[in-house]
Amino acid sequence: MKKNDFSPQLTEFLAHYLPELKNVSENTISAYCDTFRLFLGYCKDTEGMNIEKMSLKDLKPELVERFLHWLETERGNSIATRNHRLAAIHSFVRYLQVQEPMLLLNFQRILAIPVKKTERKSIKPLTKEAVAVILRQPDTSKARGRRDATILCVLYDTACRVQELCDLRVEDVRFEHPANIRIHGKGRKIRIVPLLPTTAQNLKNYLTENHMLLPEKSHLPLFTNQNGNQLTRAGVAYILNKYVRSASEVDDSIPQKITPHKVRHTKAMHLFESCENLIHVRDFLGHTDIKTTGIYARSSLAMKKRALEMVSDTPVAEVPSWQENKDMLLWLKSFGAHHT
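Quick caveat: nothing in here was measured; it's all calculated off a predicted structure.

How each quantity is defined
- Residues numbered from 1 in each chain as written.
- Predicted model: local features only at pLDDT ≥ 70, side-chain atom pairs only at ≥ 80, totals over all residues.
- Heavy atoms only, no water.
- Helix = DSSP H or I, 4+ residues; strand = E, 2+ residues; numbered from the N terminus.
- Buried < 20%, exposed > 50% of the residue type's maximum accessible area, 1.4 Å probe, protein only.
- Contact = heavy atoms within 4.5 Å.
- Salt bridge = Lys/Arg side-chain N within 4 Å of Asp/Glu carboxyl O.
- Expected span 1.5 Å × (residues − 1).
- Axes fitted to C-alpha atoms, helices over the stretch in contact; angles between N-to-C directions.
- Parallel < 35°, antiparallel > 145°, perpendicular 65-115°, else oblique.
- Left-handed = near helix turned anticlockwise from the far one by under 90°.
- Core = buried A, V, L, I, M, F, W, Y, C linked by side-chain atoms within 4.5 Å.
- Phe/Tyr/Trp six-rings, centres within 6.5 Å; stacked < 30°, edge-to-face > 60°.
- Lys NZ or Arg CZ within 6 Å of the ring centre and 35° of its normal.
- Pairing = 2+ DSSP bridges.

### Some points on the environment of Val 131
Position of Val 131 among the secondary structure elements: in helix α6 (residues 128-135). Under the relative-accessibility criterion, Val 131 is labelled buried at 8%. The spatial distance from the C-alpha of Val 131 to the C-alpha of Thr 266 is 8.8 Å, given a sequence separation of 135 residues. Setting aside anything within four residues of it in sequence, one finds Val 131 in contact with Leu 126, Tyr 156, Thr 266 and His 270.

As structure tokens, then:
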């Protein structure tokens, strides 16, 4: 076994195995690259290792555990981020098991490193009124404002992930009744999401104004920046929070900053509270497992309140005030005196 066999195996894993054999998306590969960039940087700067001569024998569970601890303590990463980094390492190690069976025991010990449990947070969506205030903030008398208003409409109406919004092409939009948009989701899964009439009209106006309905432009990005390039996730977040800040000055219940993913959560919660069907919400969001979608059922305070109000014949009797029960207070007082 070569002393510097780590580098060629990692290159083969990222450049050939994932995209060509596993058909993994570019976004996932990019996330894996980030993980190993951090890992190799840690090995060099903190562990003092020569990464040019790094061997697969050096990939030990103790090293991985120290790296994960460093992520949390030194970089301040969340447990969720720590788990994502571990998932990338686990994927690489599963690949290595076949390539280097002599190190199988070592690889099995790395795979035995568990993910940490994370606190399940309840979702706090924006109200429909708050969403309406945000959507009204762009100055639609200007071309940039009309573009931004359309971006915000599509982001909320489709509940797409921010990268899914960035990856949209002109050809993904269909205006024939019923209007819909084709979204390329995680794992190269494609889902068709209907568009409400207002959003469909806004999109059609936007495409017409920018002369993007021509057949030769169907392959172009749906939304671009001022340089004509595809919008990035950071660009979408900037546009969103530009108007969120303005909206917070109108309605102080709106936070001054939110993530695009919060808009996705908000739309999902509004959809669930309207139809009360997790299957529909799961398909709308593109979730693989309905357990993922179940968080909206657990977090819907409005639905819990409606369910409680429907139980009008509750058997729970009114409990008398503790202070009014003089005999019980006297008994407790005497009982306490007796045992002191």
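Anyway, onward from the coordinates.
### Some words on the pattern of salt bridges
Side-chain pairs of opposite charge can arise whenever the charged atoms involved come near each other. Tallied over the entire structure, the rule returns eleven salt bridges. When the shortest N-O distance is used, the salt bridge between Glu 164 and Arg 191 registers 2.8 Å. Here the residue Glu 164 occupies a position in helix α8 (residues 162-166), and Arg 191 occupies one in strand β3 (residues 190-194), the gap between them amounting to 27 residues. Arg 191 matches Glu 164 in its accessibility class, with the two residues each being buried. Residues participating in the shared-partner salt-bridge network are Glu 72, Arg 82 and Lys 116.

### Looking at helix α2 (residues 26-45)
Look at α2: 28 Å from first C-alpha to last across 20 residues, which is about the 28 Å you get at 1.5 Å a residue. Among the residues of α2, Ile 29, Tyr 32, Thr 35, Phe 36, Leu 38, Phe 39, Tyr 42 and Cys 43 are the ones counted as buried.

### Quick word on the packing of helix α4 (residues 79-99) against helix α5 (residues 104-111)
At a minimum axis separation of 10 Å, α4 and α5 run at an interaxial angle of 160°. Relative to α5, the element α4 lies roughly antiparallel. Considering the relative orientation of α4 and α5, their crossing is left-handed. Every residue of α5 that contacts α4 at Ile 89, His 90, Val 93, Arg 94, Leu 96 and Gln 97 is listed here: Leu 104, Phe 107, Gln 108, Ile 110 and Leu 111.

### Side note on the environment of Ile 110
Note that Ile 110 resides in helix α5. The exposure class of Ile 110 is buried, given its relative accessible area of 0%. Sequence separation between Ile 110 and Pro 61 is 49 residues; the distance between their C-alpha atoms is 4.8 Å. Contact partners of Ile 110, with chain neighbours within four places excluded, come to Leu 59, Lys 60, Pro 61, Val 64, Ile 89, His 90 and Val 93.

### Thoughts on the nonpolar core
Ranked by size, the top nonpolar core spans 39 residues in total, and within it Leu 165, Ile 181, Leu 222 and Phe 223 carry the most contacts. Those elements giving two or more residues to this core turn out to be α6, α7 (143-158), α8, β2 (180-184), α9 (197-209) and α10 (233-250). Looking at which element gives the most residues to this core, the answer is α10, with six residues. Judged by nonpolar contacts, the second largest core, of 34 residues, contains Leu 18, Phe 39, Leu 71 and Ile 110.

### Structural notes on the packing of aromatic side chains
A full pass over the atoms with the stated rule returns 13 aromatic pairs. Judged by centre distance (5.2 Å) and plane angle (80°), the ring pair of Phe 36 and Phe 92 falls under edge-to-face. Highlighted residues: Phe 36 in helix α2 and Phe 92 in helix α4, separated in sequence by 56 residues. For Phe 36, a relative accessible area of 3% translates into the label buried. Phe 92 sits in the buried class, given a relative accessible area of 0%. Taken together, a centroid distance of 5.7 Å and an interplanar angle of 55° make the contact between Tyr 42 and Phe 67 tilted. Of this pair, Tyr 42 sits in helix α2 while Phe 67 sits in helix α3 (residues 61-73), and the two are 25 residues apart along the sequence. The lysine or arginine in question, Lys 204, covers the ring of Phe 175, its NZ or CZ lying 5.8 Å from the ring centre.

### Comments concerning the pairing of β2
Bridge count between strand β1 (residues 173-174) and β2: two bridges; the pairing is antiparallel. Bridge pairing in β2 links Val 173 to Ile 181. Pairing of β2 with β3 involves five bridges; the strand directions are antiparallel. For Arg 182, the partnering residue across the bridge sits in β3 and is Ile 192.

### Looking at unusual backbone geometry
Residue Pro 178 is bonded to the preceding His 177 through a cis peptide linkage, with omega at -5°. Within the fold, Pro 178 resides in the loop between β1 and β2. The backbone phi angle of Ala 159 is positive, close to 55°, even though this residue is not glycine. Tracing the chain through its elements places Ala 159 in the loop between α7 and α8. At His 211, a residue that is not glycine, the phi angle is positive and equals roughly 55°. Counting through the fold element by element, His 211 comes out in the loop between α9 and α10.

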